[in-house]
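Observations on chain architecture
Listed here are the chains, written in short residue letters.
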Amino acid sequence: MPYTSPSASSPDPDPDPEDINFNGRTDGSNTIASTDYAETCKKILELAAEVHRLSQGGALELKLNLPRIVVIGDQSSGKSSLVEAVSGINVPRDSGTCTKCPMECSMRSAAGSWSCNISIRYSFDKDGRRLSNVNTVPFGPMITDKSEVELWIRRAQAAVLSPHRSFQTFLEKSEDELRNNAIADSAMLPFSKNVVCVEVKDPDATDLDFVDLPGIIHVGDNREVALVQDMIVRSIAGDNTLILVAISMSSDIEVQKAVSLAREADPNGDRTIGILTKPDTLTAGGTGNQERWRKILSNEDTKHLLKHGYYCVRLPDDNDRARKITRVEAQKMASDLFDLTTPWSQMIDRTRFGVPNVVKDVSALLVLLIARHLPLLRANVNRLLEECLDEIDRLPPLSDKNPSTEILLRVSKFCTDLHAAAHGKEHKHFVQKNKERYSKFMTDIKMTAPNFHLDNCERTNEFPPSHTALLRLEGVRAIKEGTITWELPNHVPFDATKVLVLRCTALWKAPTMACFKDVVKKSIKLVDDLLEEHFGQYHELMALVVSFITEERERRQKETQIMLEKLLRFESTPVYTQCHEFLQSERVKWYSVYSLYIDSSSWVDELRLMADVQAYFQVAHRRIIDYVPLAIEHEFNQSFAENLQSVLYDSILKEGNTAGRFKELLREDPFVAMERRNLEDRKFRLLSIKERLDEFRLDEGLLPFSSPYKSSPAPSTQSLHSEGEPMGLGDFSSPFPRPLSTPPIAAPVASHPVLDW
C-alpha cells in the first residue's frame, strides 16, 4: 500500500519552498509528525533507544539483536553529505576518509528547541578485542549551537582514536590542534570500532536512529582497508539490519564496493535500500548513462533489484557548502533538478526523490520492524532474565553470621562431607573409583606369578597369566643345584624355594606404590572439589585451609607409605604361612598340572619345587591384594578424614586469628564478587527493560499501527512460513514504486548473529 498522509486533507503537492523545512514538513497539523501515528513512531523509537542503552551498558552485554539502520558507502560516495542531510548536522570532512569510527545518530522530535549531546561508547581495546566491561561516557556539554557540532564530533572521534590518552584531553582542542595532533601522534589509531554517539533533539526532525560507518577505502595500508571492510561486513550481517547504501551516480555501480558488500550480506535484496547520490554529475548528453540509472531507480534493472527500492537525492556539494546555503535553498535546488531535468522530470512517481522522502519512509520502515520485533524481544528478555536469576542462585550465598561462627561451621560441614565420602556414605564415586583402582592392583599382582615353561607344552588356561620372565625346567634345576649344601639325598633345599618365591614378591613394590599414588590423587581431587564447594567464594580463607590440609595430608601420606613398605617387607623373609591346608591343596594341584606335560620320573625334584613355589604364591598374593587396599583406606583416607576437623580447628583458632582476621578471611573471592556484581547489574538492566516493555504494552493506542499502514495483528514469536522457517526482514513486501507496504512482519529469528562492529 503506498504511503499516504494520514490527514484527511493532504499537504499541498507543490508547497512554497519557504514553507518546507529540510525534513519535508509543512506548517500546521497536516504533517506526519503531528499525527497519532507519529506519536506512536516516537514512542517506539524511544523505547528501542532505551532498550539499546540498557543492553549496551555494564560488564555483560545483553545481546538482544534490535532492528537498526546502518549507512555504508564507498569513500567519496556522498555518504557524509547524506548523513548531514538526514540529521541536519555537519560532520567532519577531510581529504580521504573523514569517518574514522562508527557514529550512532539518534534524532528525536520530542523537544522544545534544538540541542545535541555527544557520548562515547567504549566496547573494544586498542587492538579491536571486545572489552569485558562496556562503558559509555558523556563527551562535553549539551550543544545548543548547530555550528559547534562538527568540532565536537571531531574531538570525540580523536578521543576514540587515542586510547592511550584520557578523552578529557580533547575537550578543548581547536580544529587546527586536532589536525596537528593527528599528524604528530604516531600512536593514534587509523580506525576504531568504538562508537561516537550523537543524540539530536530537534522539534522539526523526523524520529530516526541510524549508524554511520567509515567509508570504504580502496587504496592505502592493506590492514586499514581490511579493518574497515571487516567492520562493515560484521555490522550489516544481522537479519534485523536495514542497509542504506550511498551509491554515487558519478561512478559505475558495478565497481562500488559498498554495493557488492551489501549484496553479499543480503543476496536477495530484502533489507537493502539504495540511495543514489550526485545525480547532478550526469551530463545532459550522456543519455545512455542516464537511462541505466533511471532503470536502477525505477527498480527495472533485475540485476540490481531491491525489495525496498532506491531513492535519488541531490546533496550540497563543496561549492554549496562554501556559500553556506540554507536548508531551504538546498531543498529548492534538489527539487529544481528533479523537476526540470530529464529523465527525472519524466518519472511519474515523485516519492523516490529527495531526502525528506528517504527520512520519512526509512523511519517508518524501521518503526514497523521494531514493532514487529517486540514479541520476540519480550520473550528474549524474559529468557535472559530467567537465566540471569539462575546464575545468581548458583553463586554461593553470602553469610550473615558472625565471622568466627561462619568459618567454624564451614570447616565442620567440609569435614563431615569428607568423612562421609571416605566411608562411602556420600560422594560414592570416590569409593567406587578407589575400588576400581584396587581391582587393577590385584591384576597387577597376579601378573607377577611364577612363569614356569614346560618344553613341548602349549600354555593353557590351567597356567596362571604372568608378565614375569619364562623359567624352563633346566633353569629350575640349576637353581636347585646351586642352593644344595648339607641336605640329605632326595631333599630339595628350602633356599631354592625362597629364591624363586622372592623373585615374585620383590616385584610387588612398584604396583603397590603406583596404586597408592593414584588413590592419593583421587583423594586430592575429592578434597579440592569439597574445598571449592565450602570455601570457594572466600579466597583467603580457602588458601589458609588448603595450607593446613596439605600439611596434614602429607603427614598421613608419609605414614601410610611407611606402613605399606612394612607390609611388603612381611612378604620377604621368612617365607611363612599357617594356611597349611590351602597350601597343601595348591601344592597337590600344581604338581598334578605340571606332571601332565612332562615325564615326572626324570624331573621329580624340579616339579615338586615348582609346585611348592606356585602354591606359596597363591597363598601370599591373596594376603597382599587385601592388606594393601585396607592399609591405604584405614591409614590414609579414613584416618585423614577422621582427624582433619580437630587439626583445622586447632590451626585456625591458634593465637593471631582475631575477630578482625576472621572478618578478613571471609572477604569474598574477587572473581566471585565481580561475577556477583556483574550479574546483579545484568538483572537490574533486564528488569528495567522488562518494565519498559510492559509499560509500552499497556499503553493504549500504540499497537497495532493505525494509519498509514493497514491494520494487521502482531505475529507471535512462533510465526513461521509454510515451510517452517521463521520470518524476518526479508518478508516485507515492497512492490515498487513504494517501499512501505504492510503485510504482516513476523518477529526476527532468535538465532541471528549478534551484531558486532
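Everything that follows concerns the structure shown earlier in this document.
Overview of the structure.

A look at the packing of aromatic side chains
Under the definition given, this model contains 12 aromatic pairs. A centroid spacing of 6.5 Å and a plane angle of 65° characterise the contact between Trp-344 and Phe-353, whose relative ring orientation is edge-to-face. Accessibility classification places Trp-344 together with Phe-353 in one group, the buried group. Plain terms: the ring middles of Phe-636 and Phe-640 are 6.2 Å apart, the flat faces sit at 5° to each other, and that makes the pair stacked. Of this pair, Phe-636 and Phe-640 both sit in helix α18 (residues 604–652), separated by 4 residues, roughly a single helical turn. In this arrangement the basic side chain of Lys-100 is found over the ring face of Phe-191, its NZ or CZ atom lying 5.1 Å from the centre. Seen from the ring of Tyr-311, Arg-352 lies directly overhead, with NZ or CZ sitting 4.5 Å from the centre.

Side note on the pattern of salt bridges
Pairs can form between side chains of opposite charge once their charged atoms are near each other. Summed over all chains, the structure comprises 44 salt bridges. Arg-556 is the partner of Glu-552 in a salt bridge, and the nearest nitrogen-oxygen pair spans 3.1 Å. Here the residue Glu-552 and the residue Arg-556 both occupy positions in helix α16 (residues 539–570), the gap between them amounting to 4 residues, near one helical turn. Asp-694 is the partner of Lys-690 in a salt bridge, and the nearest nitrogen-oxygen pair spans 3.1 Å. Placement of the pair is Lys-690 and Asp-694 together in helix α20 (residues 670–698), with a separation of 4 residues, close to one helical turn. By relative accessible area, which is 23% here, Asp-694 ends up partly exposed. Three or more residues are tied together by salt bridges with common partners; here these are Asp-125, Lys-126, Asp-127 and Arg-129.

As for the packing of helix α12 (residues 429–446) against α18
At a minimum axis distance of 10 Å, the contact between α12 and α18 shows a crossing angle of 150°. It follows from the interaxial angle that α12 and α18 lie roughly antiparallel. Judged by the twist between their axes, the crossing of α12 over α18 is right-handed. The residues of α18 that touch α12, namely those facing Phe-430, Asn-434, Tyr-438, Phe-441, Met-442, Ile-445 and Lys-446, are Phe-617, His-621, Ile-624, Ile-625, Val-628, Pro-629, Ile-632, Glu-633 and Asn-637. When its residues are assigned to classes, the contact of α12 with α18 shows 11 nonpolar, 3 polar and 2 charged.

Quick look at the pairing of strand β2 (residues 103–108)
For β2, the buried fraction is high: 6 of the 6 residues fall into the buried class. Burial along β2 is two-sided: Met-103, Cys-105 and Met-107 and Glu-104, Ser-106 and Arg-108, pointing in opposite directions, are all buried. Inspection of the sheet shows β2 paired to strand β6 (residues 208–212) by 5 bridges, in the antiparallel sense. Across the sheet, residue Glu-104 finds its bridge partner in β6, namely Val-211.

Describing the sheet that holds strand β7 (residues 241–248)
The mixed open sheet is built from 9 strands, whose spatial order is β4-β3-β5-β2-β6-β1-β7-β8-β9. Single-partner strands in this sheet number two, and they are β4 (130–138) and β9 (310–312). The sheet shows a mean angle of 20° between the axes of neighbouring strands, direction not considered. Where strand β1 (residues 68–73) lies against β6, 2 bridges are found, and the strand directions are parallel. Note on β6: the bridge partner recorded for Val-70 is Val-211. Helix α3 (residues 149–160) rests against β2, β3 (115–124) and β5 (195–201) of the sheet, and its axis sits at about 10° to β3.

Focus: the pairing of β7
Each regular strand carries side chains that alternate between the two faces of the sheet. Across the 8 residues that make up β7, a large majority, 8, are buried. Sheet topology note: the β1/β7 ladder contains 6 bridges and is parallel. By the bridge assignment for β7, Gly-73 is matched with Ala-246. Note: β7 against strand β8 (residues 272–277), 6 bridges, orientation parallel. Paired with Ser-248 across the two strands is Thr-277, which belongs to β8.

A closer look at unusual backbone geometry
Following Thr-342, the chain continues to Pro-343 via a peptide bond in cis, the omega torsion being 5°. If you trace the backbone, Pro-343 turns up in the loop between α9 (327–340) and α10 (355–394). Of note, the bond from Thr-573 into Pro-574 is cis; its omega dihedral lies within 30 degrees of zero at 0°. Looking at the element boundaries, Pro-574 is found in the loop between α16 and α17 (580–595). For Lys-324, which is not glycine, the phi dihedral falls at a positive 55°. Note that Lys-324 resides in the loop between α8 (318–322) and α9. Of the residues examined, Lys-324 reaches a relative accessible area of 70% and is grouped as exposed. The phi angle at His-427 is positive, at roughly 50°, despite the residue not being glycine. Take His-427: it is sitting in the loop between α11 (403–422) and α12.

Remarks on the environment of Arg-121
Assignment of secondary structure puts Arg-121 in strand β3. With relative accessibility at 4%, the residue Arg-121 sits in the buried group. Sequence spacing of Arg-121 and Val-137 is 16 residues, and the spatial spacing of their C-alpha atoms is 6.5 Å. Side-chain polar atoms of Arg-121 contact the side chain of Glu-104, separated by 2.5 Å.

Quick notes on the side chain of Ser-81
Within the secondary structure, Ser-81 sits in helix α2 (residues 79–87). Given a relative accessible area of 10%, Ser-81 falls into the buried group. Contact partners of Ser-81, with chain neighbours within four places excluded, come to Arg-93, Leu-315, Pro-316 and Arg-321.

Topic: the nonpolar core
The biggest cluster of nonpolar side chains holds 78 residues, and the ones touching the most others in it are Leu-64, Ile-118, Val-198, Leu-208 and Phe-210. If you tally residues by element for this core, the top one is α10, at 16 residues. Counting residues in each nonpolar core, the second largest holds 47 residues, with Ile-479, Leu-564, Val-628 and Ile-632 among its members.

Some thoughts on the environment of Leu-261
Position of Leu-261 among the secondary structure elements: in helix α6 (residues 257–265). Linking Leu-261 and Val-233, residues 28 residues apart in sequence, is a C-alpha distance of 6.9 Å.

Remarks on α3
Counted at 1.5 Å a residue, the expected span for α3 with its 12 residues is 16 Å, and the 16 Å between its end C-alpha atoms agrees. When you tally the buried positions in α3, you get 10 out of 12 residues, the bulk of the element. Where the residues of α3 are buried, they touch β2, β3, α4 (175–184) and β5.

About the thresholds
- Residues numbered from 1 in each chain as written.
- Predicted model: local features only at pLDDT ≥ 70, side-chain atom pairs only at ≥ 80, totals over all residues.
- Heavy atoms only, no water.
- Phe/Tyr/Trp six-rings, centres within 6.5 Å; stacked < 30°, edge-to-face > 60°.
- Buried < 20%, exposed > 50% of the residue type's maximum accessible area, 1.4 Å probe, protein only.
- Helix = DSSP H or I, 4+ residues; strand = E, 2+ residues; numbered from the N terminus.
- Lys NZ or Arg CZ within 6 Å of the ring centre and 35° of its normal.
- Salt bridge = Lys/Arg side-chain N within 4 Å of Asp/Glu carboxyl O.
- Axes fitted to C-alpha atoms, helices over the stretch in contact; angles between N-to-C directions.
- Parallel < 35°, antiparallel > 145°, perpendicular 65-115°, else oblique.
- Left-handed = near helix turned anticlockwise from the far one by under 90°.
- Contact = heavy atoms within 4.5 Å.
- Nonpolar A, V, L, I, M, F, W, Y, C, P; charged D, E, K, R; others polar.
- Pairing = 2+ DSSP bridges.
- Polar contact = N/O pair within 3.5 Å; in protein donor to acceptor, adjacent residues only side chain to side chain.
- Core = buried A, V, L, I, M, F, W, Y, C linked by side-chain atoms within 4.5 Å.
- Expected span 1.5 Å × (residues − 1).

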